[in-house]
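Secondary and tertiary structure notes
Chain by chain, the residues:
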Protein chains: 2
Amino acid sequence: MNVVTDTESKETSATHGAYLKLRDLILTGELPPGEKLKIEQLRKLLQTGASPVREALSLLTSDMLVERIDQRGFRAAPVGKANFEEILMLRCTLEEAALRASIQNADAAWEDQLVLRHHHMKRANARKSTDFEDAHKAFHMALLDNARLPMLTRYCSQLYDLNIRYRYLAAGGPSYQKRDIAAEHQSILDAALDRDADAATAHLIEHYQRTGEYLSSLMKA
Amino acid sequence: MNVVTDTESKETSATHGAYLKLRDLILTGELPPGEKLKIEQLRKLLQTGASPVREALSLLTSDMLVERIDQRGFRAAPVGKANFEEILMLRCTLEEAALRASIQNADAAWEDQLVLRHHHMKRANARKSTDFEDAHKAFHMALLDNARLPMLTRYCSQLYDLNIRYRYLAAGGPSYQKRDIAAEHQSILDAALDRDADAATAHLIEHYQRTGEYLSSLMKA
DNA sequence: ATGTCAAATAATATCGATATTTTTGGAGAT
DNA sequence: ATCTCCAAAAATATCGATATTATTTGACAT
């Protein structure tokens, strides 16, 4: 690293920083689906060397956000209706399993976390804060975390990100169609606090299916 | 690459070669769980540079076969009963979904594939061929491939590999306790050919649970 | 005009060296 | 003896340069 500690917090390695930045660029659509990702171009954009860029792209490959064609470099993963619907299906299957396990492990500390995350999400939404996306993910992940199944949690997190990408692409930004999302979140929260696994999972899946059908209807083929 | 084309087939990039070799070393336990993976050491072992090794390790991180501690290098992923049981649970959940989707898309070409893979597996087993592991995986993946859900298929493949690692670790090699595995495979195959999704998934899950309980009983904590 | 092949160009993949960080080991103080 | 701190050693992460491979371009033949 250089003499001066960067203005921006560079707490972690260059590789990790590049990973986070590139992921954000792809999720938000600033690097559109199918775009060729040239090392040199990204190297300049991220102000770093070729090795960290290359490693970050390798990691994103495993997140299914980047495609690698051997000896022919990297490109942003393509999108499509079939892919979107597979993501939706996997989310319903995996998040149901995770939420049920979470509720089985329910305790007071977890309930506190849920209430807190839900509150922060509402707060961010009211202020139209750009942090809403983060808070929304934090709430959904809090629902699942208590399962204490790290791999399952990781899959759900990955799939969440893949899904959010479609939302950005559909809207040019994170614009929820203001169906009564707040009420849906409230129902999920209430059922989880009641430790009613059937109701909670039903609400959760309904929540995803609705958003899914809307986005799916916007897509061709 | 050097002047002489390697005796061994080096069809792909050094990175990909390193990835496959390292994955094999970890799956078979030659690189035991928790082992520190030093770049220099692997560089010499694989006869390649630091960059391909590093990239291969990054990829294996996403396969959950390698753990990365930032600024502190890589190590082979640890193992444990909880991890094993999570893998087992996820396999049951995901493979059931995949097999049901596969059967829904059933056609003659798929049935042919199944029969063929099953035959090859039996053949490899009879000859006590070391290819049995590959043939076994090929049969199981053939059951799922017809779902045409690439992400789901990929998860299942990943989880299959994670599971096989425990088998190697438990036995020092791929030794199935000779319960009547052949009969179990036959039941799954027959049900799939009958397009009986309920029976096929029941047999499949039973197949996993049995192996799982046996391996789980061998593990501490 | 069009298709083919070869040279020129551009991009990737890999290497070797350096800078940074972590870990180790030992001297001195309590 | 044990703990703390600092220097030495080792390992990681990163950079810059080179070799390799893919792509483009344009000349030539059909």
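Let us look at a negative patch on the surface. Together, A:Asp24, A:Glu30, A:Asp131 and A:Asp134 make up a region of like negative charge exposed at the surface. Along the chain, A:Asp24 falls in helix 1 (residues 14-27).

Our next topic: the relation of the copies chain B and chain A. Taken as rigid bodies, chain B and chain A are interconverted by a rotation of 180° and an axial shift of 0.0 Å, the fit giving an RMSD of 0.0 Å. Both chain copies can therefore be described as sitting about a two-fold axis. Take the interface residues of chain B: 100% of them recur as interface residues in chain A, which is what a same-surface contact looks like.

Attention now moves to the interface of chain B and chain A. Every contact between the two is made by 30 residues of chain B and, on the other side, 30 residues of chain A. Both sides of the chain B and chain A interface together cover about 2,600 Å² of buried area, and 62% of this is carbon and sulfur. It is B:Glu55, B:Met151 and B:Tyr155 in chain B that bury the most area against chain A; as a group they hold 25% of the surface buried on that side. Linking chain B with chain A are 17 residue pairs in polar contact (both at pLDDT 80 or more), by the criterion used here. For the side of chain B that touches chain A, the secondary structure elements donating two or more residues are helix 1 (14-27), helix 3 (50-62), helix 4 (81-104) and helix 7 (150-171) of chain B. Considering only residue class, the side of chain B that touches chain A consists of 13 nonpolar, 11 polar and 6 charged.

Let us now look at helix 8 (residues 181-193) of chain A. The α-helix winds at 3.6 residues per turn, so residues separated by three or four positions along the chain end up facing the same way. Residues and elements named next belong to chain A. With 13 residues, helix 8 should cover 18 Å at 1.5 Å per step; its first-to-last C-alpha distance of 18 Å lies within 8% of that length. Within helix 8 the residues assigned to the buried category are Ile181, Glu184, His185, Ile188, Leu189, Ala191 and Ala192. On an axial view of helix 8, the arc spanned by its buried residues comes to 165°, and they lie on one face. Looking at the buried residues of helix 8, the elements they touch are helix 4 (81-104), helix 5 (108-126), helix 6 (132-145) and helix 9 (197-218). Within two residues after helix 8, arginine 195 carries a phi angle of roughly 60°, on the positive side.

A few words now on helix 5 (residues 108-126) of chain B. Residue and element names in this part refer to chain B. With 19 residues, helix 5 extends 27 Å from end C-alpha to end C-alpha; this agrees with the ideal 27 Å at 1.5 Å per step. Taken together, the buried positions of helix 5 are occupied by Trp110, Leu114, His118, Met121 and Ala124. Looking straight down helix 5, one finds its buried side chains confined to an arc of 130°; they lie on one side. Exposed side of helix 5, more than 90 degrees from the buried face: Ala108, Asp112 and Ala126 are the residues found there.

Let us now look at the packing of helix 5 of chain B against helix 8 (residues 181-193) of chain B. Residues and elements named next belong to chain B. One can describe the packing of helix 5 onto helix 8 by two numbers: an axis separation of 10 Å at closest approach and a directional angle of 170°. Between helix 5 and helix 8, the angle is such that the two are roughly antiparallel. Packed against helix 5, whose contacting residues are Trp110, Glu111, Leu114, Val115, His118, Met121 and Lys122, the element helix 8 presents His185, Gln186, Leu189, Ala192 and Leu193 at the interface. For the contact of helix 5 with helix 8, the residue count by class is 7 nonpolar, 3 polar and 2 charged.

A few words now on the sheet that holds strand 3 (residues 74-76) of chain B. Residues and elements named next belong to chain B. Strand order in the open sheet formed by 3 strands is 1-3-2, and the pairing between neighbours is antiparallel. Here the strands that pair on one side only, and so sit at the sheet edges, are strand 1 (36-37) and strand 2 (66-68). With 3 bridges connecting them, strand 2 and strand 3 associate as antiparallel partners. Paired with valine 66 across the strands is alanine 76, a residue of strand 3.

Quick notes on the rules
Residues numbered from 1 in each chain as written. Chains lettered and ligands numbered in written order. Predicted model: local features only at pLDDT ≥ 70, side-chain atom pairs only at ≥ 80, totals over all residues. Heavy atoms only, no water. Patch = residues over 30% accessible without salt bridge, like charges linked within 9 Å, V, L, I, M, F, W, Y side chains within 5 Å. Areas by Shrake-Rupley, 256 points an atom, 1.4 Å probe, with all protein chains shown as cover. Salt bridge = Lys/Arg side-chain N within 4 Å of Asp/Glu carboxyl O. Lys, Arg positive; Asp, Glu negative; His and termini not counted. Charge placed at Lys NZ, Arg CZ, Asp CG, Glu CD. Helix = DSSP H or I, 4+ residues; strand = E, 2+ residues; numbered from the N terminus. Least-squares fit on C-alpha atoms with pLDDT ≥ 70 in both. Contact = heavy atoms within 4.5 Å. Buried area = accessible area lost by both parts, 1.4 Å probe. Polar contact = N/O pair within 3.5 Å; in protein donor to acceptor, adjacent residues only side chain to side chain. Nonpolar A, V, L, I, M, F, W, Y, C, P; charged D, E, K, R; others polar. Expected span 1.5 Å × (residues − 1). Buried < 20%, exposed > 50% of the residue type's maximum accessible area, 1.4 Å probe, protein only. Arc of directions from axis to C-beta. Axes fitted to C-alpha atoms, helices over the stretch in contact; angles between N-to-C directions. Parallel < 35°, antiparallel > 145°, perpendicular 65-115°, else oblique. Pairing = 2+ DSSP bridges.

Read these as layout, nothing more, since geometry by itself doesn't imply function.
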